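# Secondary and tertiary structure notes
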Amino acid sequence: MNIKLWRVLLFVLIIIGTTVLIYPFPRDMVPLYLKSGKIAKASDLITKLLEEDPDDLELLTISADVYLVRGLPDKAIASLESVLKHNPEDKNALDKLALIYEWNVMPREAMHTWAKIAKIRKKRFKPLEQLVMYYRYFDMLPEEVATIIKLNKLQSGRFFVNFFLKELNTEVARLADEHKQNPEDPYLNYLIKRIFIVGEEFKSALTGDAKVNVSDYITYVIEYFVAVDRVSEGLIYAERMDKRDGRGIKYQLQLAIVLGWFKQYDAALELAGRLYKIAPDNVDLLRETAVLARSAQRFDVAETYLERLVNLEPDEPVYQEDLGLVYLETGKHKKAVGIFRQLAEKFDNWLKYAHNMLRAALYSSDKQLMAEVISDTANVDISDSDYLRTKSDVLLGLGRPLEAYPILKDLAERPEATIYDFERLIDAAVASTDNKLVAETIELALKFSPGDVVLMRKAGEAWRNAGQPLKAYDFYRKVVGKEGLEADIIEMLQAASETQNLKLAGNAAKYAESVAPENVKVIAQAGEIMLWLNSPGQGYPYYKKAAELTGGDREYVMTLVQVASFTGDKDIFRDAAETAIKLRPYDEEVAMLAAAVWAAAGDSVKAQKLIAEFAGKGGKNHEMLLKWAEFADSYGLSEEAYRIYDQLYGLGYKKKKVRKELARLAGWTERPEVAARLFGEMSNDKPQSFSLAMQAAKSYSDAADYKKAVSFYERASSLKPADIDLKLELAKNYGFAGMNIKRIHLFTKLYNAGQLPEAQRIELARAFLDEHKPVPALDILEPYARLHKLPRFEGFLLASALQQAGRGADTSAVYKRLGKEYDKDEVFLARLGAEALFNNFQTDAYDLFNAALKVNKNNHTALKGLGIILGERGQYKRAVAKLRTYNRLVPDDAEARYQLGEIYRLMGREGNAVREFKRAARIIKKKGKKSPLVTSKL
């Protein structure tokens, strides 16, 4: 055979190549095994391949799929993490990993993975949407809001299918700008989150089959503005929605309604009032405002809007009914009756309106009106129980109990009768003055509910009113036996006393004491009925017990001694005196009364001893004096306690203990100088005591010794350097002490640390102005100029700061703005004008004074100020007119008289000038002042 070598080699190569082309590599077999369901083979093969090359990224990616199919998510996660370790930005691996984390319920890991995806796929919505979901799930509000802002910005580039979504996107973008400046504001974060959620819910609703009402979602947005107290922004949003939707004031009205939901009725009604000026005939506005006003208990406002509604919609009975009910609330009962009567006649429906007519008449207490309504409704056949109760009340109010009685009896005989019906039935019987009827009614009531305490109590009340105290006593005694309430016991005692039977009253008193032995009012009442029956001797033990139960109450002790004096019994005299002194040994008034009783009992020695004891406390030893002081202090007799402690302190007795109490009482009894001195000594003895330093500081401040107060406040602040309130108190005392530089330094330190409250920031600004440092003052005050409305005081200071800074045009602008924004506040306008005049802004002052006089033509400051300005401008006649009007209103202002005289002199009216100068001199002489050569402008 002729076999050549090259042909053999070629044949072998062809066989090998064909094999390679036909049979895939092992790594390519893994997906094939997966597709064919040969999971085990795929797993074994991938494991073997990874053992050979554990860092093969393609194998690791494939292995994740294999492990997932095998239900081994942990291994799949490990494989993908290995891939990402080599290639952190592998998008497919990240996508798979996030998905596995979610399948495996590993939300935190999924969240972190989505965060990585979001950094890579910056223009994709899904990563950001997923992050928002996870941040919300983990309550990570700052992160959620930051992601919402990014997503909102991304969404702004897409087409919006609805104007609401477009406006919502714009609103979130606006809030996002604010978020840059204040990312920690929890209310701003909440608002951004909730508005965004509204948008997402709206988009979700659009995909459903149900019709979507965009008004509901606009209302949700408005609600969230109100919830975070951004009402003004909510109003701007509502106005924009009204403009976009072409709905007039629909959403602005909705804002007012939402304010009502949040119980912000003043703001709601104020907004509704502004809308009323725009749309006075808007029925929805009128109706909803009336509802708001009624909810706010502003029935006067509700009345105004309902009256307008009734005029606009005269055929709508609901508005008239509501107006009638509001008339009930505003006390216009006659008008209410008129409306309900008119409705009843118009619709021939007395059944519907009769009850409200009766209510209005009943509440009016106008007997003529009540009688008219009873007549109007005489033929109305209504069996409703509430209606009949009201009708019977009107009849009782008219003094017609015999007409009310059958109605009430009918109610009492119904299956649904209540205890109250029987109470009113008894009232009608009593009002009839027919004792037989009273007895029959009480018997009927007790048959309804035998042993019912409420009815027995009512029976007792009825018999007392009917002049049958013995029967009343029997019922009250039964009631007391059942419940033992204080009010019932007292009623029982009073009924017993009205019988004029001393024995019965005595038994009642003993029974009352046995039921309520520790009740002061009951015991005192038991004594009092004995006194009413001219038996003070029997009443005395009860008065004594009452005094002892109160621990020596002054009124009870004084009454005890007085009752003793009524008895004429010397033994009772002595007992009363001893009891009074024992109960109130510190009370000079009781002591004197007791001394008089001793004298009446013939024991003059004891009376003299008692008087001597209270006349001169110096005879007591120190320990007894201390007990007197402590006793007086414990009963709130601070002045007496202070005198005794002061005496002990002067004697040097237990000096430290006494000094502490004396200092405390000095403060309580308005002796701040003494308190300051003593607390100062104690603080110096214990300089590390914060409480002593504070007490000394406050006492010196109360005593107006502010420099010493400052030293102790500084000591206290050094002990508690983090106490901001203490630093503010220190700053206040720096101001009182004239230490303005230190005050500014402390305020500035707190301001820079963000710890200075709003009110103190203004004080800091004022302090800068006092030191003629307008620039730092403007740093504080100028932000107020950006507010919708410049606050009065802050605007006042801002003008001063701008003037000090030499910014005349800006100063004038502030004066003009304040004059415009507070054009109804004549006092403020006049004060502002005076300030402008003082700072030589004469034109602004002139305008401000005129504005004040438009509000009140007799404003003193404005009249005087205009007079001065007109005089300086040479408009002498007008100046004279203003100053003469001012002098008529304020006749004792020497300065104004002097100004008027000067103007008269310039006019050549020397006689008038001399007269005004003389008047000025008389006023100055009367006030004891020298005539100033130079006067201030105002």
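Parameters at a glance
Residues numbered from 1 in each chain as written. Predicted model: local features only at pLDDT ≥ 70, side-chain atom pairs only at ≥ 80, totals over all residues. Heavy atoms only, no water. Patch = residues over 30% accessible without salt bridge, like charges linked within 9 Å, V, L, I, M, F, W, Y side chains within 5 Å. Areas by Shrake-Rupley, 256 points an atom, 1.4 Å probe, with all protein chains shown as cover. Salt bridge = Lys/Arg side-chain N within 4 Å of Asp/Glu carboxyl O. Lys, Arg positive; Asp, Glu negative; His and termini not counted. Charge placed at Lys NZ, Arg CZ, Asp CG, Glu CD. Helix = DSSP H or I, 4+ residues; strand = E, 2+ residues; numbered from the N terminus. Buried < 20%, exposed > 50% of the residue type's maximum accessible area, 1.4 Å probe, protein only. UniProt positions renumbered as here; feature names shortened; annotations may be inferred. Expected span 1.5 Å × (residues − 1). Contact = heavy atoms within 4.5 Å. Phe/Tyr/Trp six-rings, centres within 6.5 Å; stacked < 30°, edge-to-face > 60°. Lys NZ or Arg CZ within 6 Å of the ring centre and 35° of its normal.

## Considerations on a positive patch on the surface
- The grouping of K857, K877, R884, R888, R909 and R915 at the surface amounts to a positive patch.
- Considering each element in turn, the positive patch owes the most residues, 3 residues, to helix 51 (residues 876–889).
- Within the secondary structure, R884 sits in helix 51.
- Residue classification places R884 among the exposed residues on the basis of a relative accessible area of 52%.

## Brief notes about the UniProt feature "repeat: TPR" (unreviewed entry) in the protein chain
- With numbering matched to this structure, UniProt assigns "repeat: TPR" (unreviewed entry) to residues 690–723 and 894–927.
- The straight-line gap between the two end C-alpha atoms of residues 690–723 is 11 Å; of that span, 79% is helix and 0% is strand.
- With 94% helix and 0% strand, residues 894–927 has end C-alpha atoms that lie 10 Å from one another.

## Observations regarding unusual backbone geometry
- We note that K263 has phi near 65°; this positive angle belongs to a residue other than glycine.
- Checked against the element boundaries, K263 lands in the loop between helix 14 (250–261) and helix 15 (265–278).
- A relative accessible area of 60% places K263 in the exposed class.
- Positive phi, close to 60°, is recorded for Q297, a residue that is not glycine.
- Topologically, Q297 is positioned in the loop between helix 16 (283–295) and helix 17 (299–312).

## Quick word on the pattern of salt bridges
- With the rule as written, the count across this model stands at 50 salt bridges.
- Between D386 and R389 there is a salt bridge, with its nearest N and O atoms 3.0 Å apart. With a gap of 3 residues between them, D386 and R389 both fall in helix 22 (residues 385–397), about one helical turn apart.
- The partner of R659 in a salt bridge is E681, and the shortest N-O contact between them spans 3.5 Å. With R659 in helix 38 (residues 655–668) and E681 in helix 39 (residues 672–685), the pair connects residues that are 22 residues apart, well separated along the chain.

## Some remarks on helix 31 (residues 536–549)
- Counted at 1.5 Å a residue, the expected span for helix 31 with its 14 residues is 20 Å, and the 19 Å between its end C-alpha atoms agrees.
- Residues of helix 31 that are buried make contact with helix 29 (502–515), helix 30 (520–532), helix 32 (554–567) and helix 33 (570–583).
- G551 sits one or two residues past helix 31 and shows a positive phi near 75°.

## Quick word on the packing of aromatic side chains
- With the rule as written, the count across this model stands at 13 aromatic pairs.
- Residues F225 and Y237 carry aromatic rings whose centres are separated by 6.0 Å and whose planes lie at 40° to one another, so their mutual orientation is tilted. One end of the pair, F225, is in helix 12 (residues 214–227); the other, Y237, is in helix 13 (residues 231–245), with 12 residues separating them in the sequence. For the residue pair F225 and Y237, the accessibility class agrees, reading buried in each case.
- On the numbers, 5.5 Å between centres and 10° between planes, the contact of Y700 with F712 is stacked. Taken together, the residues span a long stretch of sequence, with Y700 in helix 40 (residues 690–702) and F712 in helix 41 (residues 706–719) at a distance of 12 residues. In this pair, the class of Y700 matches that of F712, namely buried.
- By the ring-pair criterion, three or more aromatic residues cluster together here, those being F164, F202, Y217 and Y220.
- For the cation-ring pair, K478 lies above F475, with the distance from its terminal atom to the ring centre recorded as 5.4 Å.
- Just above the ring of Y846 sits the side chain of R873; from NZ or CZ to the centre is 4.4 Å.

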